[in-house]
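Observations on chain architecture
Listed below, chain by chain, are the residues.
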Amino acid sequence: MNVTNNTILVTKFILLGFPSLDWLSRTLLCGLLSLAYAGTLAGNLCIVWAVLRDHHLQRLPMYILLGNFSWLEISYVTTTVPRMLSDLMSPSAPISFQACFVQFYFFFSMGTTECLFLSAMALDRYLAICHPLRYPVLMSPHSCWVLASSCWLCGFLWFIVPVTLISQLSFCGPNTLDHFLCDPAPLLAASCTPAPRTEQACYALSSLIIFATILFILASYRLVIRAVLRLPTGARRHKAFSTCTSHLAVVGLFYGSVMVTYVNPAASGSSGKVVTLFYTVGTPLLNPLIYSLRNKEMKEALRRTLLGKR
């Protein structure tokens, strides 16, 4: 800490995490999170490997997007879980000001990128089902890679301004943040002076990206479902429904938990931490299971690339 004009300025933070847990509970939670983290890495790496190694999947836009999405999930969970495990085993270990804001930036940038990728995947399904004849032209592999690159770029630019504004605030003691990650709410609470405009900008950008993408996804799938219901009953209709329900399940898991936390600034405390823990760890773990178990092409690609079966 630095002392300036009789004010203690914070240069390190302590993430409280779950302070009410005793040693045994922290150990059990650490074990569960370690298993979830390992499962998330294994499941999503399998999908990335299958897309990279299988020549058939490499040419299909849906799997190009899915491969990018799985790599995003690996990066997203790695931003928070290793630090969370360290804090569970070594409570009160400080995190530097710079490391805290790096985590803040990457966590929110990847969350934004996830919203954009879910929208891109909804667009892909809309074009494939509602415009099948024009689909190869509208969503060529080149166009798909441009779309994926745009999602990454826009996602990492979206939160630069709020992160910069919050990082320029002065932080006074105590240096504890009542969370297991560097989140804007506890950071703003630790600021020496109120910053209502910065807080409003942060939540406005969060709400904008969440509502804009979820409305786009819902509008796309409304048209998709209407088109699917017009298809004759058979394998094609079943495949379309299977693909759409997998994606909608992922959308529901992610957006349901994110909205509780960031659209409603009052969501805080233990309940807010549990919700954040779910979409930070739970959804990246479930996504590869949802996509691979309900997708025949992915299961066949995994057999070919991982087991060598034809």
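Residues numbered from 1 in each chain as written. Predicted model: local features only at pLDDT ≥ 70, side-chain atom pairs only at ≥ 80, totals over all residues. Heavy atoms only, no water.

Along the backbone of the protein there are 12 helices and five strands. Across the 310 residues that make up the protein, the buried fraction comes to 48%. Considering only residue pairs separated by 6 or more positions, the protein has 79% of its internal contacts joining residues 24 or more positions apart. With an accessible surface of roughly 15,000 Å², the protein has 67% of that area assigned to carbon and sulfur atoms. (Helix = DSSP H or I, 4+ residues; strand = E, 2+ residues; numbered from the N terminus. Buried < 20%, exposed > 50% of the residue type's maximum accessible area, 1.4 Å probe, protein only. Contact = heavy atoms within 4.5 Å. Areas by Shrake-Rupley, 256 points an atom, 1.4 Å probe, with all protein chains shown as cover.)

We now examine the pattern of salt bridges. Evaluated as defined, the whole model comprises two salt bridges. The salt bridge partner of Asp-87 is Arg-83, with a shortest N-O separation of 3.1 Å. Here Asp-87 pairs with Arg-83, and both are found in helix H3 (residues 61–89), just four residues apart, close to one helical turn. We classify Asp-87 as buried; its relative accessible area is 11%. (Salt bridge = Lys/Arg side-chain N within 4 Å of Asp/Glu carboxyl O.)

In this section: the pairing of strand S3 (residues 12–15). As judged from the three bridges shared by S3 and strand S4 (residues 94–96), these two strands associate in the antiparallel manner. Each bridged residue has a counterpart across the sheet, and for Ile-14 the counterpart in S4 is Pro-94. Where S3 and strand S5 (residues 176–177) come together, two bridges link them in parallel fashion. Residue pairing across strands places Ile-14 opposite Thr-176, the latter belonging to S5. (Pairing = 2+ DSSP bridges.)

In a disulfide, the sulfur atoms of two cysteines are held together by a covalent bond. One pass over the full model with this rule turns up one disulfide. Across the disulfide, Cys-100 is cross-linked to Cys-182 (sulfur-sulfur distance 2.0 Å). Between Cys-100 and Cys-182 the sulfur-sulfur dihedral comes to about -125°; the bridge is accordingly left-handed. You can see Cys-100 sitting in helix H4 (residues 97–130) and its partner Cys-182 sitting in the loop between S5 and helix H8 (184–189), a full 82 residues away along the chain. Pair check on accessibility: Cys-100 and Cys-182 agree, each one buried. (Disulfide = S-S within 2.5 Å.)

Looking now at helix H1 (residues 23–53). In this model, H1 (31 residues) spans 44 Å end to end at C-alpha, consistent with the 45 Å of a helix rising 1.5 Å per residue. Every buried residue of H1 is accounted for by Arg-26, Leu-29, Cys-30, Leu-33, Ala-36, Tyr-37, Thr-40, Asn-44, Ile-47, Val-48, Ala-50 and Val-51. (Expected span 1.5 Å × (residues − 1).)

Our focus in this paragraph is the packing of aromatic side chains. Following the criterion strictly, the structure yields 17 aromatic pairs and no others. Summarising the aromatic geometry, the rings of Trp-152 and Phe-156 are spaced 6.3 Å apart at their centres and angled 25° between planes, so their arrangement reads as stacked. One end of the pair is Trp-152 and the other is Phe-156, both in helix H6 (residues 141–158) and four residues apart, which spans about a single turn. Trp-152 sits in the partly exposed class, given a relative accessible area of 21%. One aromatic cluster is present, built from ring pairs that chain together Phe-13, Tyr-76, Phe-97, Phe-101, Phe-104, Phe-107, Phe-108, Phe-159 and Phe-171. (Phe/Tyr/Trp six-rings, centres within 6.5 Å; stacked < 30°, edge-to-face > 60°.)

Turning our attention to the nonpolar core. Core analysis: the biggest nonpolar cluster contains 87 residues, and Phe-13, Phe-101, Phe-171, Leu-187, Tyr-255 and Met-298 have the highest contact counts within it. No other element matches the 18 residues that H4 contributes to this core. Aside from chain neighbours lying at most four places away, what touches Phe-13 is Ala-93, Pro-94, Ile-95, Phe-97, Cys-100, Phe-101, Phe-171, Asn-175, Leu-177 and Leu-187. (Core = buried A, V, L, I, M, F, W, Y, C linked by side-chain atoms within 4.5 Å.)

Across the sheet, which stays open at both edges, the three strands sit in the order S4-S3-S5 with mixed pairing between neighbours. Of all strands in the sheet, those with a lone pairing partner are S4 and S5, marking the two edges. Packed onto the sheet, H4 meets S3, S4 and S5 and runs at close to 80° relative to S4. (Axes fitted to C-alpha atoms, helices over the stretch in contact; angles between N-to-C directions.)

With respect to the helices and strands, Cys-144 occurs in helix H6. Under the relative-accessibility criterion, Cys-144 is labelled buried at 0%. Separated by 79 residues in sequence, Cys-144 and Leu-65 have C-alpha atoms that sit 7.4 Å apart. Leaving out residues up to four positions away in the same chain, Cys-144 has contacts with Pro-61, Ile-64, Leu-65 and Met-139.

Together, Leu-153, Leu-157, Ile-160, Val-161 and Leu-165 make up an exposed nonpolar region whose accessible area comes to about 430 Å². Elements represented by at least two residues in the nonpolar patch include exactly H6 and helix H7 (160–167). With three residues, H7 is the single largest residue contributor to the nonpolar patch. Note that Leu-165 resides in helix H7. (Patch = residues over 30% accessible without salt bridge, like charges linked within 9 Å, V, L, I, M, F, W, Y side chains within 5 Å.)

Let's shift gears to the confidence of the model for the protein. When pLDDT is averaged along the protein, the result is 83; 88% of the residues meet or exceed 70. When pLDDT is averaged over each element of the protein, H6 comes out on top at 94 and strand S1 (residues 2–4) at the bottom at 48. A low-confidence stretch, residues 1–6 stays under pLDDT 50, and its non-local contacts, those more than four residues away or across chains, total 11 contacts. (pLDDT = per-residue confidence, 0-100.)

What H7 keeps buried is the set Pro-162, Val-163 and Ile-166. For H7, the angular spread of the buried residues around the axis is 100°, confining them to a single face. Where H7 is buried, its residues meet H4, H6, H8 and helix H9 (196–230). (Arc of directions from axis to C-beta.)

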